[in-house]
Amino acid sequence: MLLNQMNLLTTYVIQDEVSQNWSSTQSYYEGQRGSPTIQMWSYFLKRMQRDMWMIMPPQLAQRILGILLNDSLGILVARYSKIEPSDETMSQFCSDVINILGTVEELLYNVSTSLDEYCGDVDPSVAKTIFSIHTKCRCLVTSLVLVGTPIEVLYKTFRRGLSSCILLEKSTSELTVTKPMWMTVLSTLCPKYYPSIGREDWELFSNLRLLCAQPGINWMLVYNVRTLSINNLYYISCIQYLSLRHIWSIFFRGSKANITNTSMFLV
């Protein structure tokens, strides 16, 4: 199954000669959109996740999705780390890399079983797939910063060393202390989709999203969410509703609850 799906991805989904002409002197769709290959790759993995969550054992489905994400991400990282886009295709390159990182960030909720795994704070010998995914994302962010940033800005930023880099300073702040560097860069570039919230609220919200994204009941996440919400009355009714709906869906309906917009509880 893995070999079949990877062949499908590499042969059909992420191949498109027109959109991958990076030396072109004309902007792709006038610079208004990214490559359709990245869009189809994202759709493919999300569709696979939904199908496997419904028909496969939870741990097996989670492991297979992680392998598919890691292997296909490796192909994209190898491709985009070697690209030398022209001035006309630079916006397409940046859009593609940001879309890849956004897809990985979303699917990490499905393949991770704890907040430590989601943030990449794992032992490489124990969680090889998760560690590899975060390593590839760091390489992709490095390519985005080095290729997509004007040379004058790079010089002014790094002329005094890495300690003068604003992005590195933000990654050590109280708000993003548990976030990996590549997620900090993603949230900095896309503040509309990754709003700034307090440290405690972020930890509670991330655990809640992890709980709702699991293929089966993860009692450790249930315990973490309940513990974090003890002193936060605003979340208690939401968490009770989501937890009961999630448990009912798994045990009585045989599939995960369709909770796609948990961010509405932060409004």
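Let me begin by describing the structure that accompanies this report.

Cut-off values and rules
Residues numbered from 1 in each chain as written. Predicted model: local features only at pLDDT ≥ 70, side-chain atom pairs only at ≥ 80, totals over all residues. Heavy atoms only, no water. Helix = DSSP H or I, 4+ residues; strand = E, 2+ residues; numbered from the N terminus. Buried < 20%, exposed > 50% of the residue type's maximum accessible area, 1.4 Å probe, protein only. Contact = heavy atoms within 4.5 Å. Core = buried A, V, L, I, M, F, W, Y, C linked by side-chain atoms within 4.5 Å. Axes fitted to C-alpha atoms, helices over the stretch in contact; angles between N-to-C directions. Parallel < 35°, antiparallel > 145°, perpendicular 65-115°, else oblique. Left-handed = near helix turned anticlockwise from the far one by under 90°. Nonpolar A, V, L, I, M, F, W, Y, C, P; charged D, E, K, R; others polar. Phe/Tyr/Trp six-rings, centres within 6.5 Å; stacked < 30°, edge-to-face > 60°. Lys NZ or Arg CZ within 6 Å of the ring centre and 35° of its normal.

Side note on the overall build of the chain
Helix and strand counts for the chain stand at 12 helices and zero strands. Its helices and strands taken in sequence order, the chain reads α-α-α-α-α-α-α-α-α-α-α-α from the N to the C terminus. Counting the 267 residues in the chain, one finds 46% classified as buried. At a minimum sequence separation of 6, the contacts of the chain that also span at least 24 residues come to 68%.

Considering the nonpolar core
When a protein is soluble and globular, its nonpolar side chains tend to lie buried together. Trp 41, Tyr 80, Ile 100, Val 104, Leu 108 and Tyr 118 are the most contacted members of the largest nonpolar core, which has 64 residues in total. Take this core: its biggest share by element is 11 residues, from helix α4 (residues 90-111). For Val 104, the contacting residues outside a window of four places in its chain are Trp 41, Leu 69, Leu 73, Ile 133, Cys 137 and Trp 182.

Thoughts on the packing of helix α2 (residues 36-55) against helix α3 (residues 58-80)
Two numbers describe how α2 lies on α3: the axes approach to 10 Å, and their chain directions differ by 170°. On the basis of their axis angle, the class for α2 and α3 is roughly antiparallel. Touching Ile 38, Trp 41, Leu 45, Met 48, Gln 49, Met 52 and Trp 53 of α2 are Ala 61, Gln 62, Ile 64, Leu 65, Leu 68, Leu 69, Ser 72, Leu 76 and Tyr 80, all from α3.

Here's the deal with the packing of α4 against helix α10 (residues 199-213)
The contact between α4 and α10 brings their axes to 7 Å, and the two run at 65°. As the angle between them shows, α4 and α10 are arranged roughly perpendicular. In this structure, α4 meets α10 at a crossing whose hand is right-handed. Seen from α4, the contacting residues are Glu 106, Leu 108, Tyr 109 and Asn 110; seen from α10, they are Ser 206, Arg 209, Leu 210 and Ala 213. Residues belonging to the contact of α4 with α10 are distributed by class as follows: four nonpolar, two polar and two charged.

Some details on the side chain of Ser 143
Within the fold, Ser 143 resides in helix α6 (residues 128-148). Judged by its relative accessible area of 10%, Ser 143 falls in the buried class. Among all residues touching Ser 143, those that are not within four sequence positions of it are Tyr 80, Ser 81, Phe 93 and Gly 148.

Side note on the packing of aromatic side chains
Tallied over the full model, the rule gives five aromatic pairs. Residues Trp 22 and Tyr 80 carry aromatic rings whose centres are separated by 5.8 Å and whose planes lie at 75° to one another, so their mutual orientation is edge-to-face. Of this pair, Trp 22 sits in the loop between α1 (2-13) and α2 while Tyr 80 sits in helix α3, placing them 58 residues apart in sequence. Here Trp 22 and Tyr 80 have matching classes, each one buried. Three or more aromatic residues joined by ring pairs make a cluster, and in this case those are Trp 22, Tyr 80 and Phe 93. Between the NZ or CZ atom of Arg 33 and the centre of the ring of Tyr 29, over which it lies, the distance is 5.2 Å.

In short, the description is geometric, and any link to function would need to be established separately.
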